Every structure is written in C-alpha cells, then in structure tokens.
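Close look at the chain arrangement
Residues per chain are reported as follows:
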Amino acid sequence: MITAYSCRCGRTYEPTADRWRCDCGGLLDLPPAALPWPPRRDTASLWRYLDAGDLPWREVTMGEGGTPLVEEDGGLRLKLEYASPTGSFKDRGAAVLVALARALGATRLVADSSGNAGTAAAAYAARAGLAAEVFVPARTSEKKLAQIRGHGAAVTVVEGSREDTAAAAVARVGETGAFYASHVHNPYFHEGTKTFALEVFEQLGGVIPDVVTLPAGNGTLVLGAWRGFEELRAAGLSGGVPRIVAVQAERCAPLAAAWAAGRPEPEPAPPALPTVAEGIAVAAPARGSRVLEAVAATGGAVVTVGEDEIAAAHAALAARGLWVEPTAAVPYAAVRRLRAEGSALLGGTVVAPLCGSGLKASL
C-alpha cells in the first residue's frame, strides 16, 4: 500500500518518516488507486477495504470502521461515526497514519488538532507503542484534552488560532524530527477516511446514495469520501458519485465564502465569534482548493448553518437517542435547513454522518 507522494509541481517522493510536504512547500497527494474488491474477509475493520501491503495494521487496529447506518425519515440515513473506538471518524485516518509511521520506522509522532484528530492520534500511537505530542488550541474541550492525556500523549495548548496551533506543531517537528501525523498534510489520512464511502456503498446494498452531507473544516472527510466514491466509479461498481454537500458553521466559513464568490481558493476567514462547532472552526484550510474541486466535481455545494440551527439539530438528534458533540450536528442541521427550503440539492437517499460523540463536548 505504501505509494509515492506527488506534488502538483511535478515532484514525487517515496514516503519517509520525515517527509510531510514537497520541497516547493506544496501539499502532497496520492495518485488514484485501484480499488481491491470484493473486500477481504479476515477482518471486520476498515482494513478489509485496503491493500495494506507492508503496513503493520494488525499491531495498530482497534476494529475501527463498520459504524452503523441508521434509517430516518424521508430517505435519510445517519452514519454513526461516533461509534468509532475513540468516539469520532478521525479514527479512520489515524489508524492508517500510525500504521504508516510504524512501517517507516518512526518512534515518536507530533499532531495538531482541535481535539478529535489529536485524540485518535494519541490512542493509536499508544496502541502502536509510539510516543506522541499533540498540539491543540486553547478553546479545545476539556473532555477531549483529558482523553488525549489519558492515552499517554503530551499535550501542548496553544493560545491563538487553529492555524497558530499547526504552526507550533510544525516547529516541533522541525526541532525533533518526529513523524508529523497531520490529518491535513499527510494524504494517507484520506486512505482511511475513504472507507466511509465504501462502507456506505455496502450498507446500502451495493448502491451509492444520491447525496452525502459532510462537515467541512479542513475537509478530511469530504476528500476521503470523494476518493472512495470515485474509486467505486472507476472500478465499474457504481454509475457515478453522490452529490457532496459540504457544510460549515456560519461563524467560520472560508470554503462557503469562496464557493459563493466562485473563487477556486478560499481566503482566510476574518476573525469571528466562537462557534459551538469547534471541530470545523478552521479559518484557512490548507486543502481548501481541493475540497472545492471535489464538491464541484459532484455537482454539490458548500452551505452554512447558524448557531441556533446547530443547537436545534443537536437537540433533535438527542430526542432520537443520538448523543453527539455540537460539531457532529452540523450535517444534520444542513439537511433540516435544505428540506425546509425545498432545496434541489437534496432528493433520493441522503447520508449524513454523526462524526463525534457527545461525551467529548456539549453545548
């Protein structure tokens, strides 16, 4: 599975423990992959979909993947990603990144996160016997901080923005030579999140949904899901890809602003009031142009929801027995708004993930 990185400048690199960006400063990607199908039968985890090759996945896995798909009214299905081992969909990408770190001989890793990705990195690092340090912004939920520390990782709290947090982590990587387990910069993270799409395809009986509504901060689930659905299409298993509706909080919506203006690249969002959707409060998403490209390629859109809408969706989910963190209510809030507006974006089978557990953060 270990495949060479590529940059849009034309350079390629074999993965090494210290490689996380191009020499030109650009982002690294992975080429399109052939989808191994049908899935393997020796595991029920997300690794059943991946050609793991030299990755020591059995030393890392905690059974991530296989989250329930719950049927609601009007063709809506909610995928309970908060049923993942550490309580969020970030386990999908973290499991792959940590397995890669082990395969490349890393002994320690550094991650930066608003909470869930750091928790996942800490947990899987502990599982694999790697030392970990996680950088988080000061606004991070205390429950998430306790979880990260509980897994034995060092926590560095950064006063400032999510972007300041990432800069501090990059500086530490430069000082220590640690593996940078970045869910933003390392494209192997998307090899994990793409399994969300593959599971949905199987759970729907071998068909794709018409629409998926996905939260978008750094866009790791948008990019992973798009990659997974594209691989299904390329393998001749589906006739196309679902329409992706990416959802941001109104108070921090650089992707939505770029989409509305027809710009291919988001501009950093201006300072705004804090949002309860802390997990997607990313003012300058590094892969923003790629997220916009993926959404456009599916005929989808980028939309926003307000704080009151997030709170109402959170309460409605709780009333249905589904206890999620506020950020996780964002895709469902978008479904509720678009339905109320009679939007043409919805129709047919709609899948929305509930990405994080309410035990991690609350309103």
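Report on the accompanying structure. (Residues numbered from 1 in each chain as written. Predicted model: local features only at pLDDT ≥ 70, side-chain atom pairs only at ≥ 80, totals over all residues. Heavy atoms only, no water.)

Here we look at the overall build of the protein
Here is the rule we go by: Secondary structure elements follow DSSP: runs of H or I no shorter than four residues count as helices, runs of E no shorter than two count as strands, and numbering proceeds from the N terminus. The rule is simple: take the accessible area with a 1.4 Å probe, protein chains only, and divide by the maximum for that residue type; under 20% is buried, over 50% is exposed, in between is partly exposed. Only heavy atoms enter the contact rule, under which two residues are in contact if any of them lie within 4.5 Å. In this description, accessible areas are obtained by the Shrake-Rupley approach with a 1.4 Å probe, and a residue is regarded as covered only by the protein chains that are shown.
What the protein contains, in helices and strands, is 11 helices and 12 strands. C-alpha atoms of the protein, sized along the principal axes, occupy 55 × 45 × 40 Å. For the protein, with 363 residues in total, the buried portion stands at 59%. For the protein, the proportion of contacts with a sequence separation of at least 24, taken over those separated by at least 6, is 71%. Accessible surface for the protein amounts to roughly 13,300 Å². Of this, 51% is attributable to carbon and sulfur atoms.

Looking at the nonpolar core
This is how the line gets drawn: Nonpolar core, defined: a set of buried Ala, Val, Leu, Ile, Met, Phe, Trp, Tyr and Cys residues in which side-chain atoms within 4.5 Å join the residues together.
If you look at the biggest cluster of nonpolar residues, it comprises 43 residues, and the most contacted ones within it are Trp47, Leu109 and Tyr188. When contributions to this core are tallied by element, the ones reaching two or more residues are helix 1 (90-103), strand 5 (108-112), helix 2 (116-128), strand 6 (131-137), helix 3 (142-150) and helix 5 (188-193). The element that contributes the greatest number of residues to this core is helix 1, accounting for 8 residues. Residues within four places of tyrosine 188 in sequence aside, it is in contact with Met1, Ile2, Thr3, Tyr5, Pro15, Leu30, Val96, Leu97 and Leu100. Grouped together as the second largest cluster of nonpolar side chains are 32 residues, Leu78, Ala249, Ile280 and Ala301 included.

Structural notes on the environment of proline 285
Relative to the elements of secondary structure, proline 285 occurs in the loop between helix 8 (254-261) and helix 9 (288-297). Note: C-alpha distance between proline 285 and arginine 233 (52 residues apart in sequence) is 27 Å. Filtering out sequence-adjacent residues up to four positions away, proline 285 remains in contact with Gly217, Asn218, Pro254, Leu255 and Pro266.

Regarding the packing of aromatic side chains
Note the cut-off: What counts as a ring pair is set by centres within 6.5 Å for rings of Phe, Tyr and Trp (its six-membered ring), and what kind of pair is set by the plane angle: stacked under 30 degrees, edge-to-face over 60, tilted for all other angles. When the NZ atom of lysine or the CZ atom of arginine is within 6 Å of a ring's centre and also within 35 degrees of its normal, the charge is said to sit over that ring.
Evaluated as defined, the whole model comprises 5 aromatic pairs. With centroids separated by 5.9 Å and ring planes inclined at 75 degrees, the aromatic side chains of tyrosine 5 and tyrosine 188 adopt a geometry described as edge-to-face. A residue pair is termed long-range when its members are at least 10 positions apart, and tyrosine 5 in strand 1 (residues 5-6) and tyrosine 188 in helix 5 qualify at 183 residues. With a relative accessible area of 1%, tyrosine 188 lands in the buried category. Relative to tyrosine 180, the ring of tryptophan 20 has its centre 5.0 Å away and its plane inclined at 85 degrees; by these criteria the two rings are edge-to-face. Remark: tyrosine 180 occurs in strand 8 (residues 179-180) and tryptophan 20 occurs in the loop between strand 2 (12-13) and strand 3 (69-71); sequence separation between them is 160 residues. Each member of the pair, tryptophan 20 together with tyrosine 180, is buried. Connected via pairs of aromatic rings, a cluster forms that spans Trp37, Tyr49 and Phe201. Positioned over the ring face of tyrosine 49 is arginine 48, at 5.1 Å from the centre of the ring.

A few points about the sheet that holds strand 7 (residues 154-158)
To keep it simple, the criterion reads: Strand pairing is assigned whenever DSSP detects at least two bridges linking the two strands. For helices, the fitted line uses only the C-alpha atoms of the stretch in contact; every axis is such a line through C-alpha atoms, and the angle between N-to-C directions lies from 0 to 180 degrees.
Taken together, 4 strands build an open sheet; the order of strands is 7-6-5-8 and the sheet is parallel. With one partner strand each, in any of the chains shown, strand 7 and strand 8 form the two edges of the open sheet. Here 5 bridges tie strand 5 to strand 6, and the two strands are oriented parallel to one another. When the bridges of strand 6 are listed, arginine 108 appears paired with alanine 131. This element, helix 4 (residues 162-176), spans strand 5, strand 6, strand 7 and strand 8 of the sheet and lies at about 165 degrees to strand 5.

What about the sheet that holds strand 11 (residues 301-305)?
The 6 strands lie next to each other as 3-4-12-9-10-11, forming an open sheet whose pairing is mixed. Of all the strands in the sheet, just strand 3 and strand 11 have a single pairing partner and so form its edges. Adjacent strand axes in the sheet meet at a mean angle of 25 degrees when their direction is disregarded. Sheet strands in contact with helix 10 (residues 307-319) are strand 4 (76-79), strand 10 (243-249) and strand 11, and its direction is about 85 degrees off that of strand 11.

Some points on empty space enclosed by the protein
Note the threshold: Detection works on a 1 Å grid of protein atoms alone, calling trapped sets that fit a 1.4 Å probe cavities and calling open sets with protein on both sides within 12 Å along at least five of seven lines pockets, with lining residues defined by an atom within 4 Å of a point. Grid points are joined across faces, edges and corners, and a volume is the space filled by probe spheres set on the points. Side-chain classes follow a simple rule in which Ala, Val, Leu, Ile, Met, Phe, Trp, Tyr, Cys and Pro form the nonpolar group, Asp, Glu, Lys and Arg form the charged group, and the remainder, Gly included, forms the polar group.
Considering all chains together, one arrives at 2 cavities of 30 Å³ or more under this definition. Each pocket or cavity is described by its volume, and for the largest cavity that value is around 250 Å³. Only helix 2 and helix 7 (220-234) provide two or more residues apiece to the lining of the largest cavity. Per-element accounting of the lining of the largest cavity gives the leading share, 3 residues, to helix 7. Forming the walls of the second largest cavity are Ala94, Leu97, Val98, Ala111, Asp112, Ala117, Ala121, Ala181, Ser182, His183 and Phe189. For the lining of the second largest cavity, the secondary-structure elements that each account for two or more residues are helix 1, strand 5 and helix 2. The element best represented in the lining of the second largest cavity is helix 1, accounting for 3 residues. Here the residues of the lining of the second largest cavity are counted per class, giving 8 nonpolar, 2 polar and 1 charged.

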